[in-house]
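Take a look at the letters that make up each chain.
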Amino acid sequence: MKTKATCNNRITTADEQRLYSHLLACVAVESPDAMIDRFQALFLDGCGYPDRDVVAALDRLLANQEIEDYFRFILNRCCHILINRWQTNTQLQPAIPILVELLETVPNSRVSELSRSRSVRRLRQVTEGFRDTEQYLALKRLACIIEARHSALPRNRQAEAVPLGSLINRYPYLYEHCLVTEDSDLQHQQYVRNMQVEAQHKFEVDLTHYVTYRVRQRRLHQQGQADYIDKLRVVHNPTLLNDQELVSSLKQFARRRDHGQSYRDGAQRFLLTHNQGASFREFKEDLFDYIIADVNAGYSQRQFKLMLQDHLLSTFSDSDGRPVDDFLRVRTCSNLFNFLVVDPSAGRQHYVFLDLINNLGPVQTTGLLLRILLICQKVRPFLERRFSLLFNHYETASSETVAWLVNMFENINIALSLNFGSVDLSHTSSR
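Residues numbered from 1 in each chain as written. Predicted model: local features only at pLDDT ≥ 70, side-chain atom pairs only at ≥ 80, totals over all residues. Heavy atoms only, no water.

### Quick word on the packing of aromatic side chains
Then, in step 1: With the rule as written, the count across this model stands at 18 aromatic pairs.
Then, in step 2: With centroids separated by 6.5 Å and ring planes inclined at 75°, the aromatic side chains of Tyr-173 and Phe-387 adopt a geometry described as edge-to-face. Of this pair, Tyr-173 sits in the loop between helix 7 (134-149) and helix 8 (175-179) while Phe-387 sits in helix 17 (residues 380-393), and the two are 214 residues apart along the sequence.
Then, in step 3: Relative accessible area serves as the criterion here: at 1%, Tyr-173 is assigned to the buried category.
Then, in step 4: Take Phe-387: its relative accessible area is 1%, and that puts it in the buried class.
Then, in step 5: For the ring pair Phe-280 and Phe-283, a centre distance of 6.5 Å and an interplane angle of 20° mean the geometry is stacked. With Phe-280 and Phe-283 both in helix 12 (residues 280-292) and 3 residues apart, this pair spans about one turn of that helix. Take Phe-280 and Phe-283: they sit in the same class, and that class is buried.
Then, in step 6: Ring-pair connections join several aromatic residues into one group, and the members of that group are Tyr-171, Tyr-173, Phe-353, Phe-387, Phe-391, Tyr-394, Trp-404 and Phe-409.
Then, in step 7: Directly above the ring of Phe-420 sits Arg-264, whose terminal nitrogen or CZ lies 5.9 Å from the centroid.
Then, in step 8: The positively charged end of Arg-329 is found above the aromatic ring belonging to Phe-283, 6.0 Å away from the centroid. (Phe/Tyr/Trp six-rings, centres within 6.5 Å; stacked < 30°, edge-to-face > 60°. Helix = DSSP H or I, 4+ residues; strand = E, 2+ residues; numbered from the N terminus. Buried < 20%, exposed > 50% of the residue type's maximum accessible area, 1.4 Å probe, protein only. Lys NZ or Arg CZ within 6 Å of the ring centre and 35° of its normal.)

Structure below.
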């Protein structure tokens, strides 16, 4: 993936602006089908486009020796001019996946038959190179989410092995990190945030409906009215967990639990009892005790305990004598996610994370991360970013192959919903 050019230090040329203004004018009055035909003729086939001034502007851009370094920004913006228009209208949104799929198609015309053969060869070369960029990956993920939103199929696809990337619609906390690139405009960023809010709300509502459905089933069975169970409107499990796994996750992350304090209670207790005037060193020692207390004793007494302690106590050790402040708390907790999940500065290493899942399981591992998040909620974007790195790393893998990661994503979704969402499912603790 090329990284020479960045969007922030580029000045839009007159020829680029000619392209953008032309597409903005066209998309305002033409149907998605007409715009897709335009897009194919201009950027893929390289022939048959009716506006010669626009073609000439594109040819001048292609003649630039540095076009390979920044064409991804040009084509991405052209795509988003169409997408930004369509995404505001539910009826037009299905055109977005069609546009993205078009980028993978083979051009219709042979270069040898074209008078602009040199420019067209260059065009096809840089367009093909676009498929290796983060901008293209973000477009594909967006298309996947939109397709899922318009699908009539139930959310649960438990028995189906699919590429992990096709499941992104299920995890709103990944949206901002997987759909927004360095050159994303403000309109697209706001649209992604809106999609995230809508998807999170839908998941919480679906989860509430499913839990209510199962509670009604259970009560009818207990009351000896099993014949009425079949008359209930069937509600599908909105997760990829089986029912036993889902009940276990709900009990673990509900705000109030019959068998003890919740994660939120534990975090509040830590924040209240921790000495606010303590040194940074004392804060790290307290934080270590707080984290390790929720880890299985058999596992914590092995190498993990020593590794965690060493990581924590060596974090910004030159500030040990200073009073702990908000900056140090945020940096310490975000560094903990580097250690526990994945470290982007160490080649995306995630051996500790795999070891945690293998030994503690996905529910307990999620709980460990949640404990940290609840005492410093400002680090939530850091945690989400680290999960997006894992998603990117395993994106093309089969969901069966990375079932452990899918399970983690599902548990994280539930934990975030129960502790930061608007729906209270604490009554499920008695199920």
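Having seen it, we continue.
### Focus: the packing of helix 15 (residues 326-340) against helix 16 (residues 351-375)
Then, in step 1: Viewed as axis vectors pointing N to C, helix 15 and helix 16 meet at an angle of 165°, and their least axial separation amounts to 11 Å. Relative to helix 16, the element helix 15 is oriented roughly antiparallel. Two packed elements cross with a definite hand, and for helix 15 against helix 16 that hand is left-handed. Residues Cys-333, Leu-336, Phe-337, Phe-339 and Leu-340 of helix 15 pack against Val-352, Phe-353, Leu-356, Leu-368, Leu-369, Ile-372 and Leu-373 of helix 16.
Then, in step 2: Looking at side-chain class alone, the contact of helix 15 with helix 16 contains 12 nonpolar, no polar and no charged residues. (Axes fitted to C-alpha atoms, helices over the stretch in contact; angles between N-to-C directions. Parallel < 35°, antiparallel > 145°, perpendicular 65-115°, else oblique. Left-handed = near helix turned anticlockwise from the far one by under 90°. Contact = heavy atoms within 4.5 Å. Nonpolar A, V, L, I, M, F, W, Y, C, P; charged D, E, K, R; others polar.)

### Section: a positive patch on the surface
Then, in step 1: A surface patch of like charges, here positive, comprises Arg-216, Arg-218, Arg-219 and Arg-233.
Then, in step 2: Within the element layout of this structure, Arg-219 appears in helix 9 (residues 186-222). (Patch = residues over 30% accessible without salt bridge, like charges linked within 9 Å, V, L, I, M, F, W, Y side chains within 5 Å. Areas by Shrake-Rupley, 256 points an atom, 1.4 Å probe, with all protein chains shown as cover. Salt bridge = Lys/Arg side-chain N within 4 Å of Asp/Glu carboxyl O. Lys, Arg positive; Asp, Glu negative; His and termini not counted. Charge placed at Lys NZ, Arg CZ, Asp CG, Glu CD.)

### Topic: the packing of helix 10 (residues 243-253) against helix 16
Then, in step 1: Closest axis-to-axis distance for the helix 10/helix 16 pair is 10 Å, and the angle between their directions is 25°. Looking at the two axes, helix 10 sits roughly parallel to helix 16. Two packed elements cross with a definite hand, and for helix 10 against helix 16 that hand is right-handed. Where helix 10 approaches helix 16, its residues Ser-248, Gln-252 and Phe-253 are matched on the opposing element by Val-363, Gln-364, Thr-366, Gly-367 and Leu-370.

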